[in-house]
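Here is what each chain is made of, one letter per residue.
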Amino acid sequence: MKEWLSEYGYLLFVLAGVCVVAAVIFFFAVRAYSNHNALFKAQEAEMKRLLALKEKYMYFTEEILSSADEGEILEGVALSYQLRLQKTEDPEKAFELLNEEKQRLYVLDVFCADADVRNFFSENGKIVKDRILPALDMIGMEDFSLRLREIYDMYDENNEKISFSESKLEDMNVYISDRDILTRIKAEGAKYIKNNFSAVKN
């Protein structure tokens, strides 16, 4: 035994090393699977949620709105517009044919979905960005509209008076989060929709 250990003892260290590596690989594999499984379940839940919204709001009525959750009405109504726009050959042109109320509600939902001013102003076209301030004014959020104007002006290529500032973007996102602005937009949007049904219905 001593002779074997003296000649092949290093194999025990190799085996121990292999076991450690295998254990590490197994750990990361399990964690990766767990993360993938959690992501899949989250995506599946989101798809089911959107499908339920589609079925509920595709042909929404005053009765549906009266019993609906305040936090989902803006998204549901905007989704009904989006689904109809997607069926057209030119969604952008079809969007411009919507009345102002529908356009603005749609833009408010986009703003809430992006949940970040950088994303909203960087990833959306002029047709969307130009309507966010009037949309906020429409639902009675002039205070936030005035505050957001500085960010809007930062992304205006024709406005050379205001320089781009990352810190202002970060400050605005903190302001939105601390004051729960997105929840307020949804609540005020829902109230507007209920009070102006004839203008916003499909």
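Above this note sits the structure.
Residues numbered from 1 in each chain as written. Predicted model: local features only at pLDDT ≥ 70, side-chain atom pairs only at ≥ 80, totals over all residues. Heavy atoms only, no water.

**Student:** Is there a simple way to explain the side chain of Gln103 in this structure?
**Tutor:** Mapped onto the elements of the fold, Gln103 is located in helix α5 (residues 100-114). A relative accessible area of 7% places Gln103 in the buried class. Gln103 has contacts with Phe95, Glu96, Leu97, Leu98 and Arg131, leaving out every residue within four places of it along the chain. (Helix = DSSP H or I, 4+ residues; strand = E, 2+ residues; numbered from the N terminus. Buried < 20%, exposed > 50% of the residue type's maximum accessible area, 1.4 Å probe, protein only. Contact = heavy atoms within 4.5 Å.)

**Student:** Got a minute to help me understand the nonpolar core in this structure?
**Tutor:** Nonpolar side chains tend toward joint burial in soluble globular proteins. In this structure, Phe111, Ile132, Phe144, Leu148 and Ile185 are the most contacted members of the largest nonpolar core, which totals 54 residues. The greatest single-element share of this core, amounting to 8 residues, is contributed by helix α3 (residues 70-86). Those residues in contact with Ile132, other than ones at most four positions away along the chain, are Val107, Leu108, Phe111, Phe120, Phe121 and Leu148. (Core = buried A, V, L, I, M, F, W, Y, C linked by side-chain atoms within 4.5 Å.)

**Student:** Where do I start with the packing of aromatic side chains in this structure?
**Tutor:** The description of an aromatic ring pair rests on the distance of the ring centres and on the angle between the ring planes. In total, this model carries 9 aromatic pairs according to the counting rule given. Ring centres of Phe111 and Phe120 lie 5.1 Å apart, and the angle between their planes is 70 degrees; this geometry places the pair in the edge-to-face category. Judged by its relative accessible area of 2%, Phe111 is buried. Arranged with centres 5.4 Å apart and planes meeting at 15 degrees, the rings of Phe121 and Tyr155 form a pair that is stacked. (Phe/Tyr/Trp six-rings, centres within 6.5 Å; stacked < 30°, edge-to-face > 60°.)

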